[in-house]
Amino acid sequence: MDQSFHYLLMAAQGMFQRTVMGELSKAGLTAGQPKVLDYLGLHDGSIQKHIAAGCQIDPATLTGLLGRMEEKGLIERRSQDGDRRSLYVYLTAEGWEKQKLVRSVLTRMETQVLDGLAQEHRDALTEGLLQVCLSLAEDKEALQ
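The rules we used
Residues numbered from 1 in each chain as written. Predicted model: local features only at pLDDT ≥ 70, side-chain atom pairs only at ≥ 80, totals over all residues. Heavy atoms only, no water. Salt bridge = Lys/Arg side-chain N within 4 Å of Asp/Glu carboxyl O. Helix = DSSP H or I, 4+ residues; strand = E, 2+ residues; numbered from the N terminus. Buried < 20%, exposed > 50% of the residue type's maximum accessible area, 1.4 Å probe, protein only. Axes fitted to C-alpha atoms, helices over the stretch in contact; angles between N-to-C directions. Parallel < 35°, antiparallel > 145°, perpendicular 65-115°, else oblique. Contact = heavy atoms within 4.5 Å. Nonpolar A, V, L, I, M, F, W, Y, C, P; charged D, E, K, R; others polar. Polar contact = N/O pair within 3.5 Å; in protein donor to acceptor, adjacent residues only side chain to side chain. Expected span 1.5 Å × (residues − 1). Arc of directions from axis to C-beta. Patch = residues over 30% accessible without salt bridge, like charges linked within 9 Å, V, L, I, M, F, W, Y side chains within 5 Å. Areas by Shrake-Rupley, 256 points an atom, 1.4 Å probe, with all protein chains shown as cover. Phe/Tyr/Trp six-rings, centres within 6.5 Å; stacked < 30°, edge-to-face > 60°. Lys NZ or Arg CZ within 6 Å of the ring centre and 35° of its normal.

Asks: Got a minute to help me understand the pattern of salt bridges in this structure?
Replies: If charged atoms from side chains of opposite charge come close, those side chains can pair. Applying the stated criterion across every chain yields a total of 7 salt bridges. A salt bridge links Glu23 to Arg108, with the nearest nitrogen and oxygen atoms 2.8 Å apart. With Glu23 in helix α1 (residues 5-24) and Arg108 in helix α5 (residues 93-114), the pair connects residues that are 85 residues apart, well separated along the chain. Residue class for Glu23 comes out partly exposed when judged on its relative accessible area of 30%. The salt bridge partner of Asp115 is Arg122, with a shortest N-O separation of 4.0 Å.

Asks: Would you take a moment to explain the packing of helix α2 (residues 33-42) against helix α4 (residues 59-71) for this structure?
Replies: When two helices pack together, their arrangement is given by the angle between their axes and by how far apart the axes lie. At a minimum axis distance of 11 Å, the contact between α2 and α4 shows a crossing angle of 80 degrees. When the interaxial angle is binned, α2 and α4 end up roughly perpendicular. Two secondary-structure elements touch here, α2 through Gln33, Val36 and Leu37 and α4 through Leu62, Leu65, Leu66, Arg68 and Met69. Here the contact of α2 with α4 is built from residues that sort into 6 nonpolar, 1 polar and 1 charged.

Asks: Would you mind going over the environment of Asp123 with me for this structure?
Replies: In this structure, Asp123 sits in helix α6 (residues 119-136). A relative accessible area of 45% places Asp123 in the partly exposed class. As for Asp123 and Ala137, which are separated by 14 residues in sequence, their C-alpha atoms are 21 Å apart. Looking at Asp123, its side chain comes within polar contact range of the side chain of Gln119, at 2.8 Å.

Asks: I tried to follow α5 on my own but got confused; where do I start?
Replies: Counted at 1.5 Å a residue, the expected span for α5 with its 22 residues is 32 Å, and the 32 Å between its end C-alpha atoms agrees. All buried positions along α5 are accounted for by Gly95, Lys98, Gln99, Val102, Val105, Met109 and Leu114. Seen from one end, α5 has its buried residues packed into an arc of 145 degrees, which puts them on one side. For α5, the exposed residues lying more than 90 degrees away from the buried face are Ala93 and Gln112.

Asks: Quick question: what am I supposed to make of the side chain of Thr92 here?
Replies: Mapped onto the elements of the fold, Thr92 is located in the loop between β3 (83-91) and α5. The class of Thr92 is buried, set by a relative accessible area of 16%. One polar contact links the side chain of Thr92 to the main-chain carbonyl oxygen of Gly73, over a distance of 2.4 Å. Beyond its immediate chain neighbours, meaning those up to four positions away, Thr92 contacts Gly73, Leu74, Ile75 and Glu76.

Asks: How should a nonpolar patch on the surface be read in this particular structure?
Replies: Taken together, the side chains of Phe5, Leu9, Leu117, Leu125 and Leu129 define a hydrophobic patch exposed on the protein surface, amounting to about 410 Å² of accessible area. With respect to the helices, strands and loops of the structure, Leu125 is situated in helix α6.

Asks: Please explain unusual backbone geometry as it appears in this structure.
Replies: With the exception of glycine, the majority of residues adopt a negative phi angle, and the majority of peptide bonds are in the trans configuration. For Gln56, which is not a glycine, the phi torsion comes out positive at approximately 60 degrees. Of note, Gln56 is situated in the loop between α3 (48-55) and α4. Gln56 gets classed as exposed once you look at its relative accessible area, which sits at 57%.

Asks: Mind showing me how you'd approach the packing of aromatic side chains here?
Replies: Aromatic ring pairs: the centre-centre distance and the angle between the two ring planes describe each pair. Throughout the structure, instances matching the rule amount to 0 aromatic pairs. When the ring centre of Tyr90 is taken as reference, the NZ or CZ atom of Arg78 above it lies at 3.7 Å.

Structure (structure tokens):
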């Protein structure tokens, strides 16, 4: 196996994503939806621009994704204070249920992946990945 940084990062992300989506697709979720549900679980009532930045999704791609999520009853978009130019995205009751499932699967996967690492290696891996994200981020505030 190629042990270059870029290969290992892509391989790890791909394997993690396939495993997570293998479980979540059984619940009717499709690609992109889990990360939006996870983001909204922490930032319910966000504007689309912030969701796109926080999830690392192209805004045009997010528009279609949110439309499908709204059709499934997972989210609703509402204006605030009469401002019809900005719509805020909220989880519905069904969306919160799916968000809890997403969080549960992600927590279980994180435990499984990190279980074989000593705490110092876990901390170093987390810090290293954070630094990678910060060095690549166009909008560092979106990583909050």
